[in-house]
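Next come the chains, spelled out residue by residue.
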Amino acid sequence: MDYAQIELAVLHLRPDWVLADLTICEFLEGGYSNDNYRISYKGEEFALRLPQRTQPYVDRVREKDWYARLPEAVGIRPSILDVTSGRMLSPWVEGTLLVDCWGSFCSDDLIDYLVELHTSLPDPGRNYVVQDLLDSYSSGSYSAADVRNEHRKSCHNDLNPWNIIVNETGWLTLDWEFAGKNDPIFDLVSLHQGLGCAEDQLYDLAHAYATAMNLQVRNLKKRTAEQLKNYWLREYAWAKYQLTIGNTRQEIRDQAESALSHL
């Protein structure tokens, strides 16, 4: 997207702004379906999200309602979210992505973060069902594991170390497009896999998390294995869908190949 298109997108969100006072500071790497930029207006900085492709299973009206209720200690509330285009303007928050500073932390920090996250989230008003997601991506030939209703809690469902900012106030969680009730072990698995933690560490993390949350640990190994499968099914189906609609970035090709090998 060229500079003029970005300016038009900003004016779509803030028609009261004057272009002479607007600076496009940098393109933010990492977005697969959205282009993200750091911008400045009269010295105040913002993050700008510009969706580039349709995302099945994303409900912008529900997303906007979710952000309105998201506790400020958990994540960043956008200044503006246009539900028609999905374009979003949010206050810029300084910090370091968890993927870039994970070496400074340990497993206990991960458990503390997940416990605080899952005990702070409001009711998202919908379930996140991996099988429904697979069907929406035309990947219905795959069967996801079911989640028992008593195991469902409010979850992020795309929790990776690129979606967590670490600063002096704590860990802030970004990108809530897929918020919904799910087995919280799915969030733990997502973060464990995204950080590249040792595979033999996963169950120990799940047990520590379940103990801290006073969750039932009976059949926890089976439950963890099911969510690991669900995670890689989701990763594969999403990547294959993106490739079919022309989003052929090498990172997405790599994700499809990696997910298939795990499955």
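Above: the structure in question.
The text that follows walks through the structure, step by step, so that each part is easy to find. Predicted model, so just to flag it, every value in this text is computed and none were measured.

## Here we look at the side chain of His118
- Residue placement: His118 occurs in helix α4 (residues 107-120).
- For His118, a relative accessible area of 6% corresponds to the buried category.
- Within polar-contact distance, the side chain of His118 engages the side chain of Tyr209 at 2.7 Å.
- Those residues in contact with His118, other than ones at most four positions away along the chain, are Ser154, Cys155, Pro184, Asp187, Tyr209 and Met213.

## Quick notes on the pairing of strand β3 (residues 44-51)
- Across eight bridges, the pairing between strand β2 (residues 34-41) and β3 is antiparallel. Within β3, the position partnered with Asn34 by the bridge is Pro51.
- Here β2 folds back onto β3 in antiparallel fashion, the turn holding two residues, of which Lys42 has a positive phi close to 50°.
- Relative to strand β5 (residues 88-91), β3 runs antiparallel, the two being bridged by four bridges. Looking at β5, one finds that Ala47 is bridged to Ser90.

## Side note on helix α8 (residues 220-244)
- Between the first and last C-alpha of α8 there are 36 Å, a value that for 25 residues agrees with the 36 Å anticipated at 1.5 Å per step.
- Within two residues after α8, Gly246 carries a phi angle of roughly 95°, on the positive side.

## Remarks on the pairing of strand β9 (residues 170-173)
- Pairing of strand β8 (residues 164-167) with β9, which is carried by four bridges, proceeds in the antiparallel orientation. Residue pairing in the sheet places Asn167 in a bridge with Gly170 of β9.
- Adjacent in sequence and paired antiparallel, β8 and β9 are bridged by two residues.

## A short note on the side chain of Asp35
- Mapped onto the secondary structure, Asp35 falls in strand β2.
- Here Asp35 is buried and forms no salt bridge, its nearest opposite-charge partner Arg249 lying at an N-O distance of 5.5 Å.
- If near-sequence neighbours (up to four positions away) are discounted, Asp35 is found in contact with Phe27, Leu48, Arg49, Leu50 and Gln52.

## Describing the sheet that holds β2
- Spatially, the five strands line up as an open sheet ordered β1-β2-β3-β5-β4, and their pairing is antiparallel. Each edge of the open sheet is held by one strand with a lone partner, namely β1 (22-28) and β4 (80-81).
- Sheet contacts for helix α1 (residues 3-13): β1, β2, β3, β4 and β5; angle to β1, the most-contacted strand, approximately 110°.

## Examining the nonpolar core
- Core analysis: the biggest nonpolar cluster contains 57 residues, and Leu98, Tyr113, Trp171, Trp176, Leu188, Leu191 and Tyr209 have the highest contact counts within it.
- Core analysis: the second largest hydrophobic core is formed by 14 residues, Leu22, Ile24, Tyr41 and Leu50 among them.

## Observations concerning unusual backbone geometry
- Although it is not a glycine, Tyr57 sits at a positive phi angle of roughly 80°.
- What makes Tyr57 buried here is its relative accessible area of 19%.
- We note that Asp175 has phi near 60°; this positive angle belongs to a residue other than glycine.
- As for its position among the elements, Asp175 is in the loop between β9 and β10 (180-182).

## Some words on the packing of aromatic side chains
- In this structure the tally under the stated criterion is 14 aromatic pairs.
- A ring pair is formed by Tyr57 and Tyr128, whose centres lie 5.6 Å apart and whose planes are at 85°; its orientation type is edge-to-face. Highlighted residues: Tyr57 in the loop between β3 and α2 (60-69) and Tyr128 in the loop between α4 and α5 (130-136), separated in sequence by 71 residues. Like Tyr57, the residue Tyr128 is buried in the burial classification.

## What about the sheet that holds β9?
- Strand order across the open sheet formed by three strands is β6-β8-β9, with antiparallel pairing between neighbours. In the strand order of this sheet, the two ends are held by β6 (96-97) and β9, each with one partner.
- Pairing geometry for β6 and β8, over two bridges, is antiparallel. Residue Leu97 lies in a different strand from β8, and its bridge partner there is Ile165.
- Across the face of the sheet, α4 comes into contact with β8 and β9 while running at roughly 55° to β9.

Rules behind the numbers
- Residues numbered from 1 in each chain as written.
- Predicted model: local features only at pLDDT ≥ 70, side-chain atom pairs only at ≥ 80, totals over all residues.
- Heavy atoms only, no water.
- Helix = DSSP H or I, 4+ residues; strand = E, 2+ residues; numbered from the N terminus.
- Buried < 20%, exposed > 50% of the residue type's maximum accessible area, 1.4 Å probe, protein only.
- Polar contact = N/O pair within 3.5 Å; in protein donor to acceptor, adjacent residues only side chain to side chain.
- Contact = heavy atoms within 4.5 Å.
- Pairing = 2+ DSSP bridges.
- Expected span 1.5 Å × (residues − 1).
- Lys, Arg positive; Asp, Glu negative; His and termini not counted.
- Salt bridge = Lys/Arg side-chain N within 4 Å of Asp/Glu carboxyl O.
- Axes fitted to C-alpha atoms, helices over the stretch in contact; angles between N-to-C directions.
- Core = buried A, V, L, I, M, F, W, Y, C linked by side-chain atoms within 4.5 Å.
- Phe/Tyr/Trp six-rings, centres within 6.5 Å; stacked < 30°, edge-to-face > 60°.

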